[in-house]
Amino acid sequence: MKALWITLTFIVFAVLLGAPVVRIAYGAWDEGWSGFSEGLTRPEAVHALMMTGLIVVIVTLINGLFGVMLALYLVRAKWLGPQVKRIMNSIVDLPFAVSPVIGGLMIVLLLGPDTALGSLLDQAGVKIVYALPGMVIATLFVTFPLIIREVMPVLQEIGDQQEEAAHLLGAYGWTTFWRVTWPSIRWSVVYGVVLTVARTLGEFGAVLVVSGNILFKTQTATTLVYEDVENFNLTAANAVALVLAACSVGLLLFMEWAKSRRAS
Amino acid sequence: MHVEVRGLNKKFGDFQAVRNVEFAIGKGQLIGLLGPSGGGKTSILRMLAGLEKPDTGDILFHGRRVNDLPPQERGIGFVFQNYALFKHMTVAQNIAFGLEVKKWPKPKIKERIAELVELTGLAGFEKRYPHQLSGGQRQRVAFARALAPEPQLLLLDEPFAAIDAKIRHELRSWLREMIDRLGITSIFVTHDQDEAIEVADEIMIINKGQVEQKGTPWEIYQNPQTPFVASFIGESTVVENIASLRGFEDAASWPGTRALIRPEYVEVGQENEFILLSATERGRVSHVHFRGSEWLVEVQVGQIKLVTYRSLEKSVLKPGDEVRVLVHRAYLFNDNDNWVMENKLKQEDPLPVHI
Amino acid sequence: MTNMLQNRWWSWGFRSAVLLYFVLLIVFPIVGIYGQSLSNGWSALVANLTEPIAWKAVILTAKLALVATVVNALIGTMAGWVLIRYRFPGRSLLNSMVDLPFALPTAVVGLMMLLLLGPRSEIGKWADSLGYTILFHEPAIVVAMVFVTFPFVIRAVQPLLEELDASEEEAAYTLGASKAKTFFRVILPAMAPGIVSGSMLAFSRALAEFGAVVLVAGNIPGRTLVASVYIFGQIESDNPAGAAAVSVLLLTFSFIVLWIVNVVQTRRTGR
């Protein structure tokens, strides 16, 4: 019986997960090394990859900072009532439930060139939708819960007694955070950051809507793949996709390794 | 007075945790806050530390009102029940923390750490991390850390609750000695009677957010001022109908009065064991339990069941035995008053032979 | 003293900044889209929703998501069980692979499915011989959905299996129950909350999936057009009201699912 289930499981994993990944690697090499490198080094690919990289950095920094702070407030702050905290807590999870396309749509509806806010900013020379800021905002929305959800359980688990002890020994806000709280949450922040980077790398729907997918201006690696497929340029699409997949898998493996190191 | 508290009140939601608490503690005293769980003792301690804000009331250190001082500025050493050691710092770093915050010069910090490590018997453990220490060792680190910045007041929240019973005893005497040596004013919270009695100069019994009584252990034992205190210290039996016992008939003149009888007040034995035989009454043994160092005897006197201890030196009693019971005194209480009543017959015995 | 004052200002600064960020980034857009969908009144909203292409897309998405969820409930329960209860070579590798769908970009997933299921691939040819076309038809959508929601049920079931006390099973055996009976009467009920909440999250995600589906679905209105692609189409055709209407429907549904899962979780931990 046991052997049956194990074999079945292996088959499912091989077919469902293994085969597709292998296929991508295969496809990227359809026209050999030159095909692969061409797909990657063409100017639109370089630009798209850099765009993705830029968004990754910006989003990780912003959501890292605000995420950790919000997690701290939601778990420790005495100045927020428990009811308020509960409501905020449920709201934090909302981006998980929102389809990426809808996420992009919301940004366009609020800040698009036809809206009050959007046209105002446009006149000031700041373009949001169809430009980098809009893409950043859409990605911030989509990745918002990731770091918070990693940090909060850890904060809850370690309890606030160490922090109280630090206060009684004379330490104020920053000292207490840096010397007592941060060492305890450091790793969960790392996990959250890794998840955020992976998610940002892969973000597609929201960015597609908000960016307009303008070649050389607002195209990211994922929207480039989309465009390549639509244009039947499969080898090139594969090349970029492989790079993305490799990064994502690499991040996943890094997380596993980091977790197993901590456990030992 | 070193620490004074006036009219302290604290509510958590609908629950009144601390109700109009007032007390004063002199410099160098070791006070135990004793009482059942949920009674408010920890809340009082935390308000003294500045970790909670009282709803109303004043807290004064050396006559100065400290309500608005944050915990950082109160000059207090606090020892938590679960140690609250900084897990990712070594023993030495834990102890040094308060001093680094106060920006002491490095050599002075080193010196102080060495002093405290010596004092708390942790020599050789300076580079260890909390998870490499036993419970007793961790608590000593917590103690050292709290004392490092030379606080004026030491607060301890059930410091031994999380420690194994055997180590607890050793730590208790160690703590007592340490505090005596340093002469630092200390207040500790416990729900363990024996601990309070053993360690503290004076005890405050706290129940339902109120101070029931403050005094030395002996005072509290001898003169309990409320029924709660009487029943809390030691083990007692509540007797509804005290007037039915020989020597206590006078109690009938106060209707609605109940009594608390401590095992120590009751003597049980064969006729030949009693000098004041005329003051005894008949009883029948219902149960005996061996307690390691004595017998626990449950004896039925008429409608009343009494509990007492019997030395191992005396003859062994069995359930069903007819015995004589002498009740020396009882603690009586009703809605208005409470007092200790001696067995009248003891005084009227014609042949008082006191050895 | 100055330390305290300094601290005060910093605290207030941080608090307002973080709260502002929270409200502007999350609360605002969600409120905004609900507002937009109702901007022309309730009847306009209903009209947008009852457009044949719109509601057909919604129904189709719901149907296919349901199929994908059932598939994942079954495979997920099995895989979760195997990964926790059995020890075998390759176990930790498989366990790490479970998270793969979470890590991969959805567009990449779409491309993978495209290549794997196309008429020129092995699977495509095999299906062709059986008379089925996968790519650009409903089956492809289901496959894409199954892939992206694969981890949900597994990851929901595993902790429950880990928590399960071995002594509960042992008690059942000593009372005479066979392995199968014990599984159905003792173990499965313990896993049930995980299967249910995992399935609900999977369903919710499958409904929302865009990237993986848009590349393999064919997107023929009324036939293989799912809700998320419909919304995208409406945006591209400059019909934000239509897009907002269906979005609001999907959102409301997802929120309800999220809330139910939350309630189930808290009841579990409260027990």
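Criteria and thresholds
Residues numbered from 1 in each chain as written. Chains lettered and ligands numbered in written order. Predicted model: local features only at pLDDT ≥ 70, side-chain atom pairs only at ≥ 80, totals over all residues. Helix = DSSP H or I, 4+ residues; strand = E, 2+ residues; numbered from the N terminus. Buried ≥ 20, exposed ≤ 12 C-beta atoms within 10 Å, placed from the backbone. Contact = placed C-beta atoms within 7 Å. Rg over C-alpha atoms; globule rule 2.2 N^0.38 Å. Nonpolar A, V, L, I, M, F, W, Y, C, P; charged D, E, K, R; others polar. Core = buried A, V, L, I, M, F, W, Y, C linked by C-beta atoms within 7 Å. pLDDT = per-residue confidence, 0-100. Pairing = 2+ DSSP bridges. Axes fitted to C-alpha atoms, helices over the stretch in contact; angles between N-to-C directions. Parallel < 35°, antiparallel > 145°, perpendicular 65-115°, else oblique. Left-handed = near helix turned anticlockwise from the far one by under 90°. Expected span 1.5 Å × (residues − 1). Bend = angle between axes of the 7 residues up to and from the residue.

1. Considerations on the overall build of chain A
- Along its length, chain A carries 13 helices and zero strands.
- Listing each helix as α and each strand as β along chain A from the N terminus yields α-α-α-α-α-α-α-α-α-α-α-α-α.
- Counting only C-alpha atoms and orienting by the principal axes, one finds that chain A spans roughly 70 × 65 × 30 Å.
- Out of the 264 residues belonging to chain A, those deemed buried represent 47%.
- Relative to all contacts within chain A whose residues are 6 or more apart in sequence, the contacts with residues 24 or more apart total 76%.

2. Here we look at the overall build of chain C
- Of the regular secondary structure elements, chain C holds 13 helices and zero strands.
- Each helix (α) and strand (β) of chain C, taken in turn from the N terminus, gives the series α-α-α-α-α-α-α-α-α-α-α-α-α.
- Its C-alpha radius of gyration of 23 Å places chain C more than 25% over the 18 Å reference for a compact globule of 271 residues.
- The dimensions of chain C, computed from C-alpha atoms along their principal axes, are 80 × 65 × 35 Å.

3. Overview of the interface of chain A and chain C
- Taken residue by residue, the interface counts 61 residues in chain A and 62 residues in chain C.
- The element best represented in the side of chain A that touches chain C is helix α1 (residues 2-28) of chain A, accounting for 15 residues.
- In terms of residue class, the side of chain A that touches chain C is built from 47 nonpolar, 10 polar and four charged.

4. Comments concerning the nonpolar core
- If you look at the biggest cluster of nonpolar residues, it comprises 157 residues, and the most contacted ones within it are L105 of chain A together with L111, A144 and V216 of chain C.
- The contact partners of V216 of chain C, leaving out residues within four places of it in the chain, are G110, M113, L114, L117, L135, F136, A140, I141 and A144 of chain C.
- Counting 99 residues, the second-largest nonpolar core is a separate cluster that includes A171 of chain A together with V5, L51 and I179 of chain B.

5. Side note on the confidence of the model for chain C
All names here are of chain C.
- The pLDDT averaged across chain C works out to 86; a share of 96% of its residues lies at or above 70.
- Averaged over each element, pLDDT in chain C is lowest for helix α7 (residues 122-129) (76) and highest for helix α3 (residues 52-85) (92).
- Scored as a whole, the predicted complex attains pTM 0.82, and scored at its interfaces, ipTM 0.85.

6. Examining the pairing of strand β3 (residues 30-34) of chain B
Residues and elements named next belong to chain B.
- Buried residues dominate β3, accounting for five of its five residues.
- As paired strands, β3 and strand β8 (residues 185-190) are joined by five bridges and run parallel to one another. Considered in β8, the bridge of G32 is made with F188.
- Relative to strand β9 (residues 202-207), β3 runs parallel, the two sharing four bridges. Paired with G32 across the bridge in β9 is I203.

7. Considering the interface of chain A and chain B
- Of the residues lining the interface, 15 residues belong to chain A; the matching set on chain B comes to 16 residues.
- Of all the secondary structure elements, the ones that give two or more residues to the side of chain A that touches chain B are α9 (161-168) and α10 (173-202) of chain A.
- Among the elements that take part in the side of chain A that touches chain B, α9 of chain A stands out by supplying seven residues, more than any other.
- Within the side of chain A that touches chain B, the residues separate by chemical class into eight nonpolar, six polar and one charged.

8. Comments concerning the packing of helix α2 (residues 91-101) of chain B against helix α4 (residues 135-147) of chain B
All names here are of chain B.
- Where α2 meets α4, the closest approach of the two axes is 7 Å, and the angle between their N-to-C directions is 30°. Considered as vectors, α2 and α4 are oriented roughly parallel to each other. Viewed along their axes, α2 and α4 form a crossing whose handedness is right-handed. The residues of α4 that touch α2, namely those facing V91, N94, I95, F97 and G98, are V141, A144 and R145.
- Partitioning the contact of α2 with α4 into residue classes produces five nonpolar, two polar and one charged.

9. Focus: α1 of chain A
- Over its 27 residues, α1 of chain A runs 38 Å from end to end, which matches the ideal 39 Å to within 8%, given 1.5 Å per residue.
- Considering bend angle alone, the principal kink of α1 of chain A is centred on G18 of chain A and spans about 40°; proline P20 of chain A follows within four residues of it.
- Buried within α1 of chain A we find T9, F13, P20, R23, I24, G27 and A28 of chain A.
- For α1 of chain A, the secondary structure elements touched by its buried residues are α2 (32-41) and α13 (234-263) of chain A together with α3, α4 (91-97) and α6 (106-117) of chain C.

10. Notes on the environment of I76 of chain B
- Along the polypeptide, I76 of chain B turns up in strand β6 (residues 76-79).
- For the pair I76 of chain B and I59 of chain B, spaced 17 residues apart in sequence, the C-alpha to C-alpha distance is 13 Å.
- Look past the residues within four positions of I76 of chain B in its chain and what remains in contact with it is L168 of chain A together with A49, P151, L153 and L155 of chain B.

11. Thoughts on the arrangement of the chains
- The interface with the most contacts, out of two pairs of chains in contact, is the one formed by chains A and C.
- Here chain B and chain C are not in contact; the least distance found between their C-alpha atoms is 9 Å.

12. Describing the pairing of strand β2 (residues 15-25) of chain B
Residues and elements named next belong to chain B.
- Here seven bridges tie strand β1 (residues 3-12) to β2, and the two strands are oriented antiparallel to one another. Paired with V5 across the two strands is F23, which belongs to β2.
- Taking the residues between adjacent antiparallel strands as the criterion, β1 and β2 are bridged by two residues, where G13 takes a positive phi near 65°.

13. Let's talk about helix α12 (residues 221-230) of chain A
- Of all 10 residues making up α12 of chain A, eight are buried, and the element is well covered by its neighbours.
- In this fold, the buried residues of α12 of chain A make contact with α3 (43-76), α10, α11 (205-211) and α13 of chain A together with α6 and α11 (211-216) of chain C.
- A positive backbone phi angle near 60° is found at F232 of chain A, which sits one or two residues after α12 of chain A.

14. Observations concerning the sheet that holds β2 of chain B
Residue and element names in this part refer to chain B.
- If you trace the four strands from one edge of the open sheet to the other, you get β2-β1-β4-β5, paired in antiparallel fashion. Only two strands of the sheet have a single neighbouring strand rather than two, namely β2 and β5 (64-65).
- Judged from the five bridges that link them, β1 and strand β4 (residues 56-61) form a sheet pairing that is antiparallel. Within β4, the residue paired with E4 across the bridge is L60.

15. What about unusual backbone geometry?
- Non-glycine residue Y130 of chain A carries a positive phi angle of around 65°.
- Structurally, Y130 of chain A can be placed in the loop between α7 (116-123) and α8 (132-158).

16. So, the environment of E73 of chain B
All names here are of chain B.
- Examined against the element boundaries, E73 turns out to sit in the loop between β5 and β6.
- We classify E73 as partly exposed; it has 16 C-beta atoms within 10 Å.
- Separated by 264 residues in the primary sequence, E73 and D337 place their C-alpha atoms 44 Å from one another.

17. Section: the sheet that holds strand β13 (residues 266-269) of chain B
Residues and elements named next belong to chain B.
- Read from one edge of the open sheet, five strands run β13-β17-β14-β15-β16, paired in antiparallel fashion. With partners counted over all chains shown, the strands left at the sheet margins are β13 and β16 (304-310), one partner each. For this sheet, the mean angle separating the axes of adjacent strands, direction not counted, is 40°.
- One ladder, built from six bridges, connects strand β14 (residues 281-290) with strand β15 (residues 295-301); its direction is antiparallel. Within β15, the residue paired with F290 across the bridge is W295.

18. Side note on the environment of E31 of chain A
- As for its position among the elements, E31 of chain A is in the loop between α1 and α2.
- C-alpha of E31 of chain A to C-alpha of G170 of chain A: the two residues are 139 residues apart in sequence and 67 Å apart in space.

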